[in-house]
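# Notes for the structure review
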Amino acid sequence: MSDKLRNAYEQLGLPRLIIIVFLLVLFAVAVIMRMDLAILIKDSITRIGMNGILVLAMLPTLACGVGLNFGLPVGVIAGIVGAVTSMNWGLKGFAGFFTAMVIAIPLAVIAGYLYAMLLERVQGQEMMVGTYVGFSVVSGMCMFWLLAPYRNPAMIFALGGKGLRTTITLDRTFGKVLNDFLGFSVFDIYIPTGLLLFMGIFFVLIALFFKSKAGLAMRTVGSNPMYARSSGINVQRMRTMGVILSTVLAAIGILVYSQSYGFVQLYTAPLTAAFPAVASVLIGGASLRKATIGHAIIGTVLFHTLLTIALPVTQTVLQGADISEIARTIMSNGMIIYALTRAERR
Amino acid sequence: MRNGHVLELKGISKGFFGTTVLKGVSLDIRPGEIHALVGENGAGKSTLMNILFGMQVIQDTGGFEGQVVVDGQAVTIDSPRRAMELGIGMVHQEFMLIPGFTVSENIKLNREPTRGNLASRIFGHRLETLDEPLMQADSRMALGKLALSIDEMALVGGMPVGHMQFVEIAREIDKKNVRLLVFDEPTAVLAESEASLLLDAMKRLSSEGIAILFITHRLDEVMEVADNITILRDGEVVSRMPRSEAKLGRIAELMVGRKIERPVLPPRKSEPSDEDMVLRIENFRVDMPGERVRGLDLSVRRGEILGIGGLAGHGKVGIANGVIGLYPSTGRVAKDGSQIPLNDPKQALLSGMAFVSEDRRGVGLLLDESIEMNIILTAMQVQGKFLRPGALQSLRLEDRSAMREHALEVMRDLDIRCTGPTQLVRRLSGGNQQKVCLGRAFTMEPEVLWVSEPTRGIDVGAKQLVLDLLVKFNREHGMTIVMTSSELAELRKICDRIAIVYRGQIAGILPPDAPDVDFGLIMAGKGAALEEVS
């Protein structure tokens, strides 16, 4: 029995244990403060579903040795272009959502390919360069949002009649299509079945991919490029594939996120899109040398539950002081620093 | 200088983790003497030098036994700095020069003459001004001793290799108290003409009273300049002699010679012959740093075990790496008459070859993956084994049960000692890791297996096991094996023929029972002298 416990503990690792304990404490406080638990849990589940695929997007680049994909905004932008294009045509419901995906995916493939070409030239510094690629792309696209020939009045600035708004509501197009699909309530907790299902499908697909020939080749490239080369694997092609896959997942991820959020955010909003995802996968126990689907799932659940619960609880305890945004930033960036500097045990 | 020796080493012994590397080595050098220290790779020369220079690695591994005596006084050399203070200088095999600095700056590095100035008076001597005219004058003098006209103001980067070597020497002789210079394979990277200049410079230095310890493989150079010769083999001094009594053939024999017990190997149905060549390599060049292959021709008989020997740096390791496509190569490699595209590992592997790398941890293994994965991955990627059926080749899923079954079989056949097929390879011993590498190659069921340094860094028992495995697969499956090794003894144990590589080409192919002297001479680039001796 104690062996089993120890085993479970070693599987989990100390950082995750601390966070779980912290979460339990927060729930206890919430109960004591007579907060509405149902809402907290519902929000947590929704946030997990919203962010799952964005976190999943970290795995391919980690696996192929490129590192954490700080250039996630590249894919996020592709997703947003898909979303606004689909909205421009006035498509509603699932038609709108899937059209956005169909447009976003080829764009993400192209953008991911170019991004991968760039990363290939800066081997060893992918993460730093990726961060700045993300920043540059977001800034560059600000001009596109202003000048792009979108004409749907619901989307463009009311004054002047030109340029997309900073935040566009999805109310009348595909807002919450996944969340509401087969949704139901138990104990006052709303379960967004479609959202969780959609996320689950992608987790399963990626898990299967890493057990396929190409997925194993990608993992091999990440763990020892020379071994990969001597096994006849084209190292550069695998790295490129990893980056493209990550970019495509980011594009899909932001669509899922936006439909659940109910808005598409343009301009500088995607600037920091990578950081919560990076923090999640790291907190899940992934490292630059090893990252699994399990890490992505645990990380998404822990990080986003923490964010959802911690803020209202602290807010209630501190009597209305508005520290939510500050706390959110400290938490996600603090976790990135912690995880990246932590000495890895072998 | 009571007994007239500048340096005496007395009964030096040293072991690393239970393996004895040096056994009671003694050595005396007089001022102005050129003393050659010759021996094969692994004879213990480097370890001896590490002791002489007080390198950290010696203390970290438990120190050494014996005594170092300089000018008749026993000394403890516990750091390279102490060696320098005692007047012992080293000319390195790899250049330790800063490319962006001028020749004189390199020569004077960290020993620059300086003058005081205002800032240094306030903030201390670290801010003193360099005395450049003096630096240049000193450098000119040092270079002058070598009778060499190198511009002391030229940048070191972009200089010919030979000149860099001289700058390195100039730096050592510029040190005022230098009495003993160690030359570690100084001519290995030089062209003939540069090498002879260097030998002249050594003679000139010795005539000024500086003692020289000359470490080399090249016996003709030894014969040209050395006053005395010490021959080291397996960590022991096997012989020492003045040059007047030395014969090239005798040195070569002593250097290589050891009793070879060639076990009786199982017979084959038909012996390999020149009639049936499985592989032809022509005008082959490989750009592998430190192991360049320069226009080599070699044919491999079907079903044989071909050994490739030679000294380090001559390119023996480059051959397999080039054929398999890991390092850029040119030339022609044909298997069964059809040419194999170069620089493409996949094509090389598809043509029925497999490779066990000399760099086990760097190339041969995925240290953080399971034994199972290490064994099957190459065959899966190249040959599509261990995959479940599927429409798209690259998206076919792994076949877990086939993988496991095969891994267990390999573990049993090769006797891999582990806790199970899912154990991480990092946790295995060197010998077992090597068996995993072999298992990886055997899984490919190759017709031709390239094995590089299969016994490097593994213990004695495991070595024998690995060799036995190679013989077994050769005999039972008719697998042609090309084995590269620095250990001539093991090549002579199991190979049918042994090709010796010298300067990137095959200098000769010998039967395993050829006399020691022949191997020694060919390795030392004296293949032509073979006829004279015999």
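Residues numbered from 1 in each chain as written. Chains lettered and ligands numbered in written order. Predicted model: local features only at pLDDT ≥ 70, side-chain atom pairs only at ≥ 80, totals over all residues.

### Some points on the overall build of chain A
What counts is decided by this rule: Secondary structure elements follow DSSP: runs of H or I no shorter than four residues count as helices, runs of E no shorter than two count as strands, and numbering proceeds from the N terminus. In this description the radius of gyration comes from C-alpha coordinates, and the expected globular size is given by 2.2 Å times residues to the power 0.38. Backbone-placed C-beta atoms define the burial measure: a residue is buried with 20 or more other C-beta atoms within 10 Å of its own, exposed with 12 or fewer, and partly exposed in between. Residue pairs are scored as contacts if the distance between their C-beta atoms, which are placed from the backbone, is within 7 Å.
The number of helices and strands found in chain A is 15 helices and 4 strands. The globule rule puts the C-alpha radius of gyration for 346 residues at 20 Å, and the 21 Å found for chain A is close to it. Taking the principal axes of its C-alpha atoms as reference, chain A extends roughly 65 × 60 × 35 Å. In chain A, which comprises 346 residues, the share counted as buried stands at 46%. Summarising the internal contacts of chain A: among those between residues at least 6 apart in sequence, 73% fall at separations of at least 24.

### A word on the overall build of chain B
Check the secondary structure of chain B and you find 20 helices and 22 strands. Since a compact globule built from 534 residues should have a radius of gyration of about 24 Å, the 26 Å found for chain B is in line with a globular shape. For the C-alpha atoms alone, the extent of chain B along its principal axes is close to 80 × 60 × 45 Å. Every one of the 534 residues in chain B was classed for burial, and the buried ones make up 45%. Partitioning the contacts of chain B with sequence separation of at least 6, the portion at a separation of at least 24 is 67%.

### Notes on the pairing of strand β13 (residues 277-286) of chain B
Residues and elements named next belong to chain B. Heads up, the rule is: A strand pair is defined by DSSP finding two or more bridges across the two strands.
In the sheet, β13 pairs with strand β14 (residues 293-301) via 7 bridges, with the strands oriented antiparallel. Each residue of the ladder has a partner; that of V286, found in β14, is V293. As consecutive antiparallel partners, β13 and β14 are separated by 6 residues, and within that stretch G290 has a phi angle of approximately 80°, a positive value. When β13 meets strand β16 (residues 329-335), the two strands line up antiparallel, connected through 6 bridges. In the strand pairing of β16, L279 is matched with K335.

### Some points on the environment of L465(B)
Residues and elements named next belong to chain B. With respect to the secondary-structure elements, L465 resides in helix α17 (residues 460-477). The class for L465 is partly exposed, based on 19 C-beta atoms found within 10 Å. Spatially, the C-alpha atoms of L465 and G431 are 8.9 Å apart, while their sequence positions differ by 34 residues.

### Here we look at the packing of helix α5 (residues 72-88) of chain A against helix α12 (residues 235-261) of chain A
Residues and elements named next belong to chain A. Heads up, the condition is: Axis lines are fitted to C-alpha atoms, over the contacting stretch for helices. Their N-to-C directions set the angle, which ranges from 0 to 180 degrees. Oblique is the label for every angle not falling under 35 degrees (roughly parallel), over 145 degrees (roughly antiparallel), or within 65 to 115 degrees (roughly perpendicular). By convention, the crossing between two helices is left-handed when the near helix turns anticlockwise from the far helix through less than a right angle, and right-handed when the turn is clockwise.
Running from N to C, α5 and α12 cross one another at 50°; their axes reach a closest spacing of 7 Å. Our classification of the angle between α5 and α12 gives oblique. For the pair α5 and α12, the sense of crossing is right-handed. Facing L72, V74, G75, V76, A78, G79, I80, G82 and A83 of α5, the residues of α12 in contact are S246, T247, V248, L249, A250, A251, I252, I254, L255 and S258.

### Brief notes about α5(A)
Residue and element names in this part refer to chain A. Note the threshold: To estimate how far a helix should extend, the number of its residues minus one is multiplied by 1.5 Å.
With 17 residues, α5 extends 25 Å from end C-alpha to end C-alpha; this agrees with the ideal 24 Å at 1.5 Å per step. Counting buried positions along α5 yields 15 of 17 residues, so the element is predominantly enclosed. At the C-terminal side of α5, G90 shows a positive phi close to 75°.

### Description of the sheet that holds strand β22 (residues 505-510) of chain B
Residues and elements named next belong to chain B. With respect to topology, 6 strands assemble into an open sheet ordered β18-β19-β20-β15-β21-β22, the strand pairing being mixed. Where the open sheet ends on each side, the last strands, each with one partner, are β18 (353-356) and β22. Ignoring strand direction, the axes of neighbouring strands in this sheet form an average angle of 20°. Across 5 bridges, strand β21 (residues 497-502) lies against β22 in antiparallel orientation. Each bridged residue has a counterpart across the sheet, and for A499 the counterpart in β22 is I509. Relative to the sheet, helix α11 (residues 316-323) contacts β15 (305-309), β18, β19 (448-452), β20 (480-484) and β21, its axis offset from that of β20 by approximately 135°.

### Notes on the interface of chain A and chain B
Short version of the rule: Polarity classes work like this: nonpolar for Ala, Val, Leu, Ile, Met, Phe, Trp, Tyr, Cys and Pro, charged for Asp, Glu, Lys and Arg, and polar for all others, with Gly in that last group.
Across the contact, 19 residues belong to chain A and 25 residues belong to chain B. The greatest single-element share of the side of chain A that touches chain B, amounting to 6 residues, is contributed by helix α10 (residues 213-223) of chain A. Broken down by class, the residue content of the side of chain A that touches chain B amounts to 7 nonpolar, 7 polar and 5 charged.

### Some thoughts on the confidence of the model for chain B
Selection rule: The predictor attaches a confidence to each residue, called pLDDT, with possible values from 0 through 100.
Averaged over every residue, the pLDDT of chain B is 84; residues scoring 70 or more account for 95%. Interface confidence in the predicted complex, given as ipTM, is 0.81; pTM for the same model is 0.75.

### With respect to the domain arrangement of chain B
To keep things clear, this is the line we draw: The source of the domain bounds is an automatic or database domain assignment.
As assigned here, chain B comprises domain 1 (7-246), domain 2 (275-352 + 446-534) and domain 3 (360-444). Computed from C-alpha coordinates alone, the two centres of domain 1 of chain B and domain 2 of chain B are separated by 34 Å.

### Brief notes about the pairing of β18(B)
Residues and elements named next belong to chain B. Neither face of β18 is left uncovered, since the one carrying M353 and F355 and the one carrying A354 and V356 both have all their residues buried. Examined bridge by bridge, β18 and β19 share 4 bridges and lie parallel to one another. Across the sheet, residue A354 finds its bridge partner in β19, namely L449.

### Thoughts on the sheet that holds β14(B)
Residue and element names in this part refer to chain B. With antiparallel pairing, the 4 strands of this open sheet are ordered in space as β14-β13-β16-β17. Looking at strand neighbours, the two that pair on one side only are β14 and β17 (338-339), the edges of this open sheet. Strands β13, β14 and β16 of the sheet are contacted by α11, whose axis makes an angle of about 110° with β13.

### Comments concerning helix α13 (residues 274-283) of chain A
Residue and element names in this part refer to chain A. With 9 of its 10 residues buried, α13 lies for the most part within the structure. Every buried residue of α13 is accounted for by A274, P276, A277, V278, A279, S280, V281, L282 and I283. Positive backbone phi, at 110°, marks G285, one or two positions downstream of α13.

### Comments concerning the packing of helix α14 (residues 371-383) of chain B against helix α15 (residues 400-413) of chain B
Residue and element names in this part refer to chain B. At a minimum axis distance of 9 Å, the contact between α14 and α15 shows a crossing angle of 100°. Considering the angle they form, α14 stands roughly perpendicular to α15. Here α14 contributes I371, E372, I375 and I376 to the contact with α15, which in turn contributes M403, R404, H406, A407, V410 and M411.

### A look at the environment of I77(A)
All names here are of chain A. Here I77 lies in helix α5. Considering only alpha carbons, one finds I77 and I156, 79 residues apart in sequence, at a separation of 18 Å. Setting aside anything within four residues of it in sequence, one finds I77 in contact with V137, V138, M141 and P270.

### A few points about unusual backbone geometry
For residues that are not glycine, phi is negative in most cases, and the peptide bond is trans in most cases. Residue and element names in this part refer to chain B. One non-glycine residue with positive phi stands out, namely F386, at about 60°. The topology assignment puts F386 in the loop between α14 and α15. Even without glycine at this site, E445 takes up a positive phi of about 45°.

### Describing the environment of N106(B)
Residue and element names in this part refer to chain B. Along the chain, the position of N106 falls in helix α4 (residues 103-107). In the structure, N106 is positioned 396 residues away from Y502 in sequence and 33 Å away in space, judged by C-alpha atoms. Look past the residues within four positions of N106 in its chain and what remains in contact with it is L97, I98, F101, V156, V167 and R171.

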